[in-house]
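# Reading the structure
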Number of protein chains: 4
Amino acid sequence: MNFASDTAAPAHPAILQALADANAGSASSYGGDAWTGRAREALSRVFECDLDIWLVSSGTAANALALATLCPPHGAVICHEEAHIERDERGAPEFFTGGAKLSLLPGLHGRIDLGALARRLAANQPDFVHETPAHVLSLSNLTECGAAYRPFEIAERAGMAAKADLAVHLDGARFANALISTGATPAEMSWRAGVDVMSFGATKNGALGCEAILLFGPARQRLADLRARAKRGGHMPPKMRYLAAQMCGYLKDGLWLQLASKANASALELSRVLVGKGGELAHPVDGNEVFVRLPDGMADRLSAAGASFYPWMDGSHRFVCSWATTPEDITALADILR
Amino acid sequence: MNFASDTAAPAHPAILQALADANAGSASSYGGDAWTGRAREALSRVFECDLDIWLVSSGTAANALALATLCPPHGAVICHEEAHIERDERGAPEFFTGGAKLSLLPGLHGRIDLGALARRLAANQPDFVHETPAHVLSLSNLTECGAAYRPFEIAERAGMAAKADLAVHLDGARFANALISTGATPAEMSWRAGVDVMSFGATKNGALGCEAILLFGPARQRLADLRARAKRGGHMPPKMRYLAAQMCGYLKDGLWLQLASKANASALELSRVLVGKGGELAHPVDGNEVFVRLPDGMADRLSAAGASFYPWMDGSHRFVCSWATTPEDITALADILR
Amino acid sequence: MNFASDTAAPAHPAILQALADANAGSASSYGGDAWTGRAREALSRVFECDLDIWLVSSGTAANALALATLCPPHGAVICHEEAHIERDERGAPEFFTGGAKLSLLPGLHGRIDLGALARRLAANQPDFVHETPAHVLSLSNLTECGAAYRPFEIAERAGMAAKADLAVHLDGARFANALISTGATPAEMSWRAGVDVMSFGATKNGALGCEAILLFGPARQRLADLRARAKRGGHMPPKMRYLAAQMCGYLKDGLWLQLASKANASALELSRVLVGKGGELAHPVDGNEVFVRLPDGMADRLSAAGASFYPWMDGSHRFVCSWATTPEDITALADILR
Amino acid sequence: MNFASDTAAPAHPAILQALADANAGSASSYGGDAWTGRAREALSRVFECDLDIWLVSSGTAANALALATLCPPHGAVICHEEAHIERDERGAPEFFTGGAKLSLLPGLHGRIDLGALARRLAANQPDFVHETPAHVLSLSNLTECGAAYRPFEIAERAGMAAKADLAVHLDGARFANALISTGATPAEMSWRAGVDVMSFGATKNGALGCEAILLFGPARQRLADLRARAKRGGHMPPKMRYLAAQMCGYLKDGLWLQLASKANASALELSRVLVGKGGELAHPVDGNEVFVRLPDGMADRLSAAGASFYPWMDGSHRFVCSWATTPEDITALADILR
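Keep in mind the model is a prediction, meaning the values are calculated, not measured.

Looking now at the relation of the copies chain D and chain C. Superposing chain D onto chain C requires a rotation of 180° together with a translation of 0.0 Å along the rotation axis, leaving an RMSD of 0.0 Å. Accordingly, the operation relating the two chain copies is best matched by a two-fold axis. Using C-alpha coordinates, one finds that chain D approaches the rotation axis most closely at D:Gly233, a distance of 3.4 Å.

Right, dumping it as structure tokens:
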């Protein structure tokens, strides 16, 4: 009954197999191998456009490198006040950008409030040397509260940002889960909605450790800069094929969407159980995470019986399902509460 | 006939198997898993001491993080003028330290010259605010020229550094190869010789992508700082077990030494072939690399026949063997020259 | 009628004279001169303790260097959400620290709210690697809203910070003004209240351009680090005597307190005029700044008549007096409103 | 008999007077004042072109800010191995660029060797991600050895750099001295010779503390970036008029060239004295510095008699004259040797 995190789950066997399949013969180092090329082609097909990619082994690396290619050291990145880049990455964006600032906005369920965004952008003064002007808007989908933006919601925020000359980054650590619940295509949820650069996650959804930074449209001109930053960040592993093989396996035959679908379904089922026992949802269950306010004593009871999950800062508790969550896991949890 | 790099080789099946074996059930994220604990224990046994570790996926990350824990932004790191940290890491040490300098010394075969080191240390003025004083000595074993330091050679340089209040870092990307050719134990070649922090490589010697930063003795007090830097560097992958499993598989039953032994033997055999055809060794073959000055036309002949290897900046060519190099590879190369 | 800023005022003649007096003969560079020694002695007398100092030419430099000596790149600095270091220094703290974060707290009149501080400190987890723990509390006196902390208010915040193992920084760009209105001594308002490092401003109160970073007590051990950071920040001007002479002239015979007293008195008088004409004070007038909500049309009328002042983000307008503000300036402004 | 440094000299009275003249009435802060405008106009006339400027209080700040506007964090700056930016600025270029590297070249008398430069540029591989490619060539005139480049020597090096897509920076801390000995105009020695950005020094030649960063031609597009970096570097002093007034006074009626001419003449006279007593010039006396190998015992004799000067790392001794050096100073030194 491990609902602590989707990163506690193992890798999906098909992805491990893809890794094993890549383990044959010699291959050029540093991304010059065939698998890296195939990963790019596969991502291009999935996103229905030409694009450039860089593969890294952690979401923090993906986000921070993406932001550093878009934001000068004397600029700022607008994000939600509960965004992962603000709360959980130990200052990685500040480190990789060379000291840029994060500019925090509120919003329900981790979605940046439109009015707050409008006010922040209206107050942005790129030529006023004393303040730090925003150069980037970073959105997360799923949000840090497990909610999904629909494509038009991405598009309206990205559109406002573009009008103010900001670039748009999307943290898609749980992008697959957001696609499933919204029914959107990858293209609709990214470049067609105005996203310039995104972090496309696979680790939380079945990979061993693989995230892709995707550069769309004009942002592709930043590839050389991105590669140089990745290299000096230690994010150019010599045997790149093992990252690429994971991405290939992840995307093959729609595995990634099947896994997300399964995880989302588990979360819905789990939320039903918890709500049925008096829990109250703190946020919509748009993906594989359930944030729920538990009746008195329930958290202790669950913990004592061996279930793992996290208290959240807003007083709720976070339960995360993954591709590996089984009906039995949920039944076992339900049994505790009987 | 891929002699371009040991990073072109695949992973050893036993290491891939260790990865597969770790792929069962849920596990705590970020290093809280059982495999990470076992990796530390295994390294502790191999090095015959208590130690702290951090696992990363590239040698550049290992070196840069290690140096950043030892050197303030306004300090310098002494290294060989051909060291990997100077020539091949795109300024990673400068990035992770926040702008420290590398202070370059000459020396035959990539070994730092003793006299040059003595003069540099004598000129070090930690209290003279205008110059950048050295805080760290970084040695590489194997050196960037494929030569090995013997333990007493490490010890005499480390001893000089310690007397001048410098910490000592060892870049051990090819540490196993150096142990094989010198017959030294891991402990003799590291902390017993005065090394404070080392980068212990597995990637070039059979892993998919895994390097350990090892903290010895008083340097273990830097663990919290190292972890924070790793986190913000994107080098705390959530599913850490897949790095740890590689390290466990690498060390198990002495596999790592067997693989290095095989690679070294291949290099020796290859060097005999090349010398037999008129090549002249530019550096001693102390590990798995052969640097050889080729007779006119030979490089073109080999390339045309499909052998891959690199021209080196000193006019020689570098041929690298790995655990996966076969006698047939070497015979095939010899056949070209017949 | 320039009420735009106290930095629009010229230097006081006595301080210019001190500069001229220092302009004789040769003097050691980089702080080895007699005037720098005298500045330290004068500050030591004024603050009634041994201390170490560093002189710089801007408040931003003073604050950023001070913070960088106290906070690691992976740490955070707690400050008020309207603090100068957050709003007006273009990311200088982030730059000098190597990417530390500012952690923002609310509070009336620019004073950090005690409850908010208590909650922030209670939530501080130095050992939780994902979050960025606070290492420093930075207070401003005067605050950015022109209010003063009294010594016990500094002390209670500093005490809470110290209990949580944070260092305490004080931004004293308008320190003299705060002393005048509270009647506190320099010592009571700084090290006796728990301040470790402070930025002691002279520029806004009559100097040409001079601020001192003061290190108290155990923080004096950071002097070598501070000097190295200052040097590499370009803040070790060779002819340091011209900074030091300003500080000597500033402190001589209590000039600094007389100037602040005059500026404060002008601000009080100005506030009476504006309130008398229907203005409403947004913040207490504890120093030389008046924040006032103006009746409709009054701002335009004043501007049209040639008065300069700034609209503030809270809807009020800021009027700043300096040592050079004359009764005639205030009368002239009053005359516009007649 | 202070020959230790030209920064040991006081400011010229006319420059102090310019400062005093600027000390009247209120003035816009942060460079919005009339004096800053006049300084730009004066520099424009002197350099016979439109240009943009930024004023700072130290040469280290000027150099580091200039380099940071031209070189990305993952790039390198080519300079002489004895350049001030390498040896005497405590890593300021690394700090301001965010970790760029300095790439060192040899050359007689501090002038970068043409052949070495050609080889370095030929080896520059901007697209090879592992190495750090050079983005900037930084020259110094006077060189760190007191020698001058003539305009064609600047031009040939700058031309080579431009062909390789590098920008060109000139450290002109002693630019006036170089103009005097070569007879070149400011324009000939800077933008007409291919310089994009220069540090134009006044401090060593009579100012209290003032250096200008000059942006020529296309580099003027970097002004906004430069201003932002200056601000966050603490190099936007609020009362900018006091920097600007120094620059105005320095340039007025050719004062700067008169002062340099006087300093150069003193150095020539001093060199005659020292050579007449058996000293041997280590470098040409092209400006206000004399590097001389002294006969045994002479350095001790001079020191004992109260003369101050510095031992240089090449075994010679450096004697620096300034605008304030008098014939009596030189006679007094000669008398010691009688």
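A word on the sheet that holds strand E10 (residues 310-311) of chain C. All names here are of chain C. The antiparallel open sheet is built from four strands, whose spatial order is E8-E9-E11-E10. Because the sheet does not close on itself, it has two edges, and the strands there are strand E8 (280-281) and E10. Bridge analysis of E10 against strand E11 (residues 317-320) gives two bridges, and the strand direction is antiparallel. Looking at the pairing, tyrosine 310 lines up with arginine 318 of E11. Across the sheet, helix H11 (residues 255-276) touches E8, strand E9 (289-293) and E11, and the angle it forms with E9 is around 10°.

What follows covers the interface of chain B and chain A. Between chain B and chain A, the contact holds 41 residues from the first and 41 residues from the second. Among the elements of the structure, helix H1 (13-21), helix H3 (59-70), helix H5 (92-97) and helix H9 (223-232) of chain B are those that each provide at least two residues to the side of chain B that touches chain A. Considered class by class, the residues forming the side of chain B that touches chain A number 19 nonpolar, 17 polar and five charged.

So, on to the relation of the copies chain B and chain A. For these two chains of identical sequence, chain B goes onto chain A by a turn of 180° and a shift of 0.0 Å along the axis, with RMSD 0.0 Å. Both copies contact each other with a shared surface, as 100% of the interface residues of chain B are interface residues in chain A too.

Quick look at the interface of chain D and chain C now. Chain D puts 41 residues into the contact, and the matching count from chain C is 41 residues. Mapped onto the side of chain D that touches chain C, the elements with two or more residues apiece are helix H1 (13-21), helix H3 (59-70), helix H5 (92-97) and helix H9 (223-232) of chain D. The residue makeup of the side of chain D that touches chain C, split by class, is 19 nonpolar, 17 polar and five charged.

For any two helices packed against each other, one specifies the inter-axial angle together with the distance between the axes. Residue and element names in this part refer to chain D. It is at 8 Å that the axes of helix H8 (residues 175-182) and helix H11 (residues 255-276) come closest, and there the two elements cross at 75°. As summarised for this structure, H8 and H11 are arranged roughly perpendicular, according to the angle between their axes. In this structure, H8 contributes Ala176, Asn177, Leu179, Ile180 and Ser181 to the contact, and H11 contributes Trp256, Leu257, Ala260, Ser261, Ala263 and Asn264. Across the contact of H8 with H11, the residue classes tally to seven nonpolar, four polar and no charged.

The next subject is the environment of A:Ala8. For A:Ala8, the position within the fold is in the segment before helix H1 (13-21). Taking the C-alpha atoms as reference, A:Ala8 lies 9.7 Å from A:Ala324; in sequence the two are 316 residues apart. With residues up to four places along the chain from it excluded, the contact list for A:Ala8 reads A:Asn2, B:Ser26, B:Ala27, B:Ser28 and B:Ser29.

This next bit is on the confidence of the model for chain A. Caution applies to low-pLDDT parts of the model: their predicted coordinates are not meant to be read in detail. Of all residues in chain A, 100% have pLDDT values of 70 or greater, and the mean over the chain is 97. The ipTM value of the predicted complex is 0.97, and its pTM value is 0.98.

All names here are of chain B. Strand order across the open sheet formed by four strands is E8-E9-E11-E10, with antiparallel pairing between neighbours. Only two strands of the sheet have a single neighbouring strand rather than two, namely strand E8 (280-281) and strand E10 (310-311). Alignment of E8 against strand E9 (residues 289-293), held across two bridges, turns out to be antiparallel. The residue bridging leucine 281 from the neighbouring strand is valine 292, located in E9. Those strands touched by helix H11 (residues 255-276) are E8, E9 and strand E11 (317-320), and its axis lies near 10° from that of E9.

The next point concerns the domain arrangement of chain A. Residues and elements named next belong to chain A. As assigned here, chain A comprises domain 1 (11-254) and domain 2 (256-337). On a C-alpha basis, the centres of domain 1 and domain 2 stand 27 Å from each other. Taken together, the contacts link 20 residues of domain 1 with 17 residues of domain 2. Breaking the side of domain 1 that touches domain 2 down by element, the ones donating at least two residues are helix H8 (175-182) and helix H10 (241-251). No other element matches the six residues that H8 contributes to the side of domain 1 that touches domain 2. The class makeup of the residues in the side of domain 1 that touches domain 2 is eleven nonpolar, eight polar and one charged.

With that settled, consider the pairing of strand E2 (residues 76-80) of chain A. Residue and element names in this part refer to chain A. Within E2, five of the five residues are buried, which leaves the element mostly enclosed by the surrounding structure. Sheet topology note: the E2/strand E3 (residues 101-105) ladder contains five bridges and is parallel. Looking across to E3, one finds that cysteine 79 is bridged to leucine 104.

Examined against the element boundaries, D:Ser58 turns out to sit in the loop between strand E1 (52-56) and H3. A count of 26 C-beta atoms within 10 Å places D:Ser58 in the buried class. In this structure, D:Ser58 is in contact with C:Gly234, C:Met236, C:Pro237, C:Pro238, D:Gly209 and D:Glu211, ignoring residues within four places of it in sequence.

Time to look at helix H1 (residues 13-21) of chain C. Residue and element names in this part refer to chain C. All buried positions along H1 are accounted for by Ile15, Leu16, Ala18 and Leu19. Here the buried residues of H1 occupy an arc of 155° about the axis, which is enough to place them on one side. In H1, the exposed residues that point more than 90 degrees away from the buried face are Pro13 and Asp21.

Conventions we followed
Residues numbered from 1 in each chain as written. Chains lettered and ligands numbered in written order. Predicted model: local features only at pLDDT ≥ 70, side-chain atom pairs only at ≥ 80, totals over all residues. Least-squares fit on C-alpha atoms with pLDDT ≥ 70 in both. Pairing = 2+ DSSP bridges. Helix = DSSP H or I, 4+ residues; strand = E, 2+ residues; numbered from the N terminus. Contact = placed C-beta atoms within 7 Å. Axes fitted to C-alpha atoms, helices over the stretch in contact; angles between N-to-C directions. Nonpolar A, V, L, I, M, F, W, Y, C, P; charged D, E, K, R; others polar. Parallel < 35°, antiparallel > 145°, perpendicular 65-115°, else oblique. pLDDT = per-residue confidence, 0-100. Domains from an automatic or database assignment. Buried ≥ 20, exposed ≤ 12 C-beta atoms within 10 Å, placed from the backbone. Arc of directions from axis to C-beta.

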